[in-house]
Structures are given as structure tokens and as C-alpha cells.
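Architecture and fold: a report
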Amino acid sequence: MRSQRPEHALVALLGQCFATPRCQVSRVSLRTIHGQRTCANTQRRHPLSIGRPRKECHNNAESTNDGHSASFSSTASNPASMRFQARQPKHAEQQSNIPTHQNDPPRDDDKSGIAILGGGITGLASAHYLVRELPNTNITIYEGSDRMGGWLRSKRFDVKGGQILFESGPRTLRPEGSVAGLTTLELVSDLKLKDQIIISRKDSDAARNRFLYYPDHLVKMPGPGQDMYDMLWRIFTEPVFKGLLWGVMTEGLKPPRSSDVEDESVGHWFERRLGTSSVPDNMLSAVLHGIYAGDIYQLSMKSLMPTLWHMEKAFDAIARAPFSKVGVLGSGLVSYRDVKLRNDLAARDGWDMELPNRLHNASVYTFKEGIGALSGALEASLRSNPRVQFKTNTQIKSLEYDNKSDAVKVTTTRNPPGSSKTFHKVISTISGQNLSTLASTPDALPSLAAIHSVNVMVVNLFFSDPNILPERGFGYLIPRSVPYDQNPEMALGVVFDSDATLGQDAVPGAKVTVMLGGHWWDSWSESDFPSEAEAETMARNILARHLKIYDEPELVKSALHKNCIPQYTVGHESRMKKAHTELMVQWKGKVAVAGNSYSGVGLNDCVRSARDVVMGYKEDEDLTGLEHFLVPTQWVQQGPNPGTGLGTKR
């Protein structure tokens, strides 16, 4: 294993830095605000043009010269028309263009069927929505490994007195904060998993107590339910908050970014707006490393925090936004795309309103058998359907568009030499970088090839003493600014699983998960990564140094997740626009993409992307799954009294 480099440490735990505005939309008074995205010309009517005249965007909205006036316009003269009722899909007027045969069994060479590349959560969710929305379609799921579920890996282990559950991948889900969370709840409802849900309430220790480690001790982050004087004392006295108050108070005095800046790193954006590097280095790096395990000075502000990016352009400063004519204090902006999806969910027959209402007071949730219960239920449901075939241990070698049949030839490592199987459509849920290698033309998909992913080592530990942790809470993050001698292992952070996910274990004890690596390992070769034994030693050293835990764990399990988190670096949105064109040229709209390489790395984002592609098939015959990158983001604003939204108690 390579000797550790004297660099600052990275971070990671699931977290949120800026609260996403809660979109309570079913009957909201809305105003539309044109966003900042560049729109490539397209000859095809896109589903997002529902209910409004189609417009072509030829120039970057940021290059306008008339200040704020370029940022606002109304898309409907009648406010009632802004409820975004979806247009009737094609299949309601005529049969779907996707050929289907109601009584035919699945076939190996199925020009009427759909192939799904990848059996992770996105691939399984894609198949689920295909079965639900296009029930006569034959589906084949190709998976390179011997199991389904991808990064969702929940497993029980025997310890003294009973069993415990370890998660080596995602462990909790957020029911609120974005409409993607509602999409996952819809999936949970479809699968009848609601009785398996366990929640962590917003007033729980895990929700209220979240920490950073800086410079040599845990610091509780300010949050709801805490004593105001105690929070202020920490903000004024703890070094981790250096520059925060002054930066926030003077943000409104900073000049806006230049109109020719199309994107910027998260780190540089906050440094420019707050006038200090301390805040992004000490705090923001922790949050974003927790989600992306990446470099805050490489990750794209426009892609990761599009609302703040838009607000600076619209108002010149974030601090001025609440006093402008577009906003009122307490209101929030949300994209039109999210509004439409939320309304689609609310209008769907069979949608269980009780489930989101039940989770209104939940900070996060999971399942009694872990997050893997979601992929397990999907797989079981799909295997019971005779129109769905599973091909495990099957690597894809190439995808080739066949002009004669207007379909895609899929060649795998298990095909006889010179043979392939033909499908009407292909949904790729593998990484963008892997998909780029399957094109018949070399270097045909450079924008997908440029999507880099990081490696993360996960170490699960169980201690029989339930009181061994010095604090109760979700866990802690480690900023990039922590001195090297406090984190030579390059830890990403530590989750206190026994507090974060109550109700999964049969015996008392303390569970923790230590995460290592991320972008700090980008230049490492395969031989540089730590072995499982080395990772255990590193994790125990971290717990001893940071938490004074010296006890021998009863059980330790380690796993290296290679290329698990794609990095949305500066220019990501622009690359996705180009990727759409490259996909259309290569496969003529017969291959669509979904998954964490494109529009969000979280599980909720993956489920949403799967749903979007399948619902897109009902609106348009040929698509890539990246159409939403081509149109300007339409921002809509909730009125001061938005009323009851989906899943929101008032």
C-alpha cells in the first residue's frame, strides 16, 4: 500500500448544507423565472414544453445585457394555467410506437423489446416502470456481476446474542428536500414496503446532532432544537466557523459574477461570495465530500447548487433575493421540471397519500432489512413477471445501431462469436464512462468518457458496548482543512449507525461506519489501495484518535467500492448537452441513459432518472434521457401561502 501523502483530509457523510426549498405545489400561485441554462436547438418537441409555446434558445441567458429584466418573464397570462397540467400522452390517443405482443413470451432476439444495461437500483427501477407503464413490453436486464442491487448492499451477520445488519452502501433516504424523494416513496408504495419502513424523526439525536471534526475535536453544527445561546457561543468561539458571520453579513455587498462565466467550482463560488476561503474549506468541503467524496474546488456549482447559482445571476447577491419583486421572505424557488413531476405524482391513480404524510416528521428513513430491501423487492417483483429476463454475469461488449431494423444490436461476452441480440430500445444505467466504451465508433462519446468517478473504502465495525460512543448523533465529517496529523488515513467521515438507523439489530451495541478515500485516491493505481486488513487498522486508528475508542470490535467488515461516485466537475452541464447530441448521432435515440452519472448521485436521483426515461417513452419515441439539459431551466416560485402540498401537513 502506498505511503500516506501529507495532504489535508477529506470528508464524507450524508449531509445537506443549504436546505432545499420545500415545493408544496398542488395548488400554488406560481411565477416562472427563466433560468441560466444554455439551450441547444432541437427539432423535436420536448416533454417539458407542455402547455406552453415552444421556444428556441440560441444564446446563454447569462450573456444578456439588460440586468435583472433578462431573468424574468411570464409563461402564462392566466395564473390558473400555471398548475402545469400534463398534456395527454401519445399512447392515450393511439397505441405506443413501441411494438408489443401481449401473449408472446420473451425472446432472445427481440426487436420489440427493451434491454436494460445494469442491474443496480436504476436498472431495476427502470424495469419496474416499464412493467407498470408499458406492460406488454419484453424486458431483458443485463448485469455484469452475479447479483442484482448494485451499490445497495445490506447484509446480516451473527454476533454474540443475535444478529446485526451492516450497510456497505447507502444506508438512509431523505423523504423530503427534493421531489426525487417523493419518486422513491411512490416506488415504495408500488412495492408495498411501507410496513417495513423505520424512520429517524426530526427531533431524534441523529437528526439534531451532526458534527464536524476540526481541528482536533468534534464540533456540533447549528440546527433546529438547539439552545440559541449555545449555538451562538459555538459560532463565535469555534475555529471551524471562522469568517462565517462576517461573510454572510457582507455577501450582499459583493459584486456579481461576470456575465461570461458559464460555470464555477463550489469552492471558488463560496470563496468569492463570502470573501473568505475558511468557510468552504472548513464547512462546505465536509458536506460535499460527504455526498460526492470529491474536491470542492473541482465540483460544479451550477450542477450541484443550481438554485443559488441562479439567484446570484437574478439578484446580483443571495442576500438581496428575499427583497426583490420575485421573492418574498420565506418563499422558495423550484424548477418547473420538479413542479411537473410533483403534480404528475399527485394526479396518479393509486398514489398513497398516507405514506408521504406519515414521513412528514422523518429526517431520514430506511427499512427493517436495510436499504437492500428496496432492490430485493424490485427483483422479486420483476422475477415473477414472465416478460422480464435476467442475464447475470454478462458483460456488454458493444452496442451497434442497425439502420435496417431501426434497432440496437447488443453484443455480450456470452454471445457466440459474431452473434448479437437486437432490441427496439436500450436503457443504459451503467456509468457514462463505461457506456462510452461500447460505441462501435471509437471516441464517439467523449462527453461521457470524461465523467470521472472516485473510489471509496467502507469499514463497518460493531462494538458490544452500546455506550462506547462519546456523543449521540448521526456522525461526523472531516473537512479538507483538518491538519494532516489528525487524519493521516484520509478518512471521509464516520457514521454512528446505531443512532442513525434504530430498529435493525437484535442485540444492543454500537455500530459505526468509517469511510476512506474519495478524490484523494484519484492518482492511485490498483496496487495502492489498502487491503481489507489495512483498512480495518486505519479505521481503528481513526476511532482511537478522534473518539478515544480503544476497545476491540466484535465484528469488522471492509469493502472497496471502485468508481462508485461520479464527479460533476465544472462544465458538467455543458458536457451533458454535448452528450445528448453524441448519443443521438451514435444510436439515433434508441439508447437512453439513466443513473448517477448525469443528474444526481443519490438513490432518490437514480430512481427519478429511471422514471423519467420510461415516462419519456410515453411522450416521445426516441430520446437519450438528457433532454432536460437542452432547455433553459424554468424556475417557479411558491406564493406566500402555498397551501397544502403533496405529503405536507399544515
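Heads up: the structure comes first, above all this text.
Residues numbered from 1 in each chain as written. Predicted model: local features only at pLDDT ≥ 70, side-chain atom pairs only at ≥ 80, totals over all residues. Heavy atoms only, no water.

A short note on the sheet that holds strand β17 (residues 475-477)
- Spatial strand order, β8-β7-β17-β18-β19-β16-β20: seven strands in an open sheet with mixed pairing. Across the chains shown, the open sheet's two edge strands, defined by having one partner strand only, are β8 (218-220) and β20 (555-566). Mean inter-strand twist for the sheet, computed between neighbouring axes without regard to direction, equals 25°.
- With three bridges joining them, strand β7 (residues 210-213) and β8 adopt antiparallel strand pairing. From the neighbouring strand, L212 faces β8, where its bridge partner is V219.
- Sitting on the sheet, helix α17 (residues 532-547) touches β7, β8, β16 (453-463), β17, β18 (491-495), β19 (510-518) and β20, and the angle it makes with β16 is about 70°. (Pairing = 2+ DSSP bridges. Helix = DSSP H or I, 4+ residues; strand = E, 2+ residues; numbered from the N terminus. Axes fitted to C-alpha atoms, helices over the stretch in contact; angles between N-to-C directions. Contact = heavy atoms within 4.5 Å.)

Focus: the side chain of R387
- Checked against the element boundaries, R387 lands in the loop between α13 (372-383) and β11 (388-391).
- Overall, R387 belongs to the buried group, its relative accessible area being 8%.
- Engagement of the side chain of R387 in a polar contact is seen with the backbone oxygen of N136, the distance being 3.4 Å. (Buried < 20%, exposed > 50% of the residue type's maximum accessible area, 1.4 Å probe, protein only. Polar contact = N/O pair within 3.5 Å; in protein donor to acceptor, adjacent residues only side chain to side chain.)

A closer look at the sheet that holds strand β15 (residues 425-428)
- Taken in spatial order, the five strands make up an open sheet running β11-β3-β2-β15-β21, and their pairing is parallel. Edge strands, defined here as strands with exactly one partner in the open sheet, are β11 and β21 (591-593). Within this sheet the neighbouring strands show an average axis-to-axis angle of 20°, counted without direction.
- By the bridge criterion, three bridges tie β15 to β21 in an arrangement that is parallel. Paired with V426 across the bridge in β21 is V591.

Some remarks on the environment of L448
- Within the fold, L448 resides in helix α15 (residues 446-449).
- Between the C-alpha atoms of L448 and S436, which are twelve residues apart in sequence, the distance is 5.8 Å.
- For L448, the contacting residues outside a window of four places in its chain are G432, Q433, L435, S436, A579, E582, L583 and Y598.

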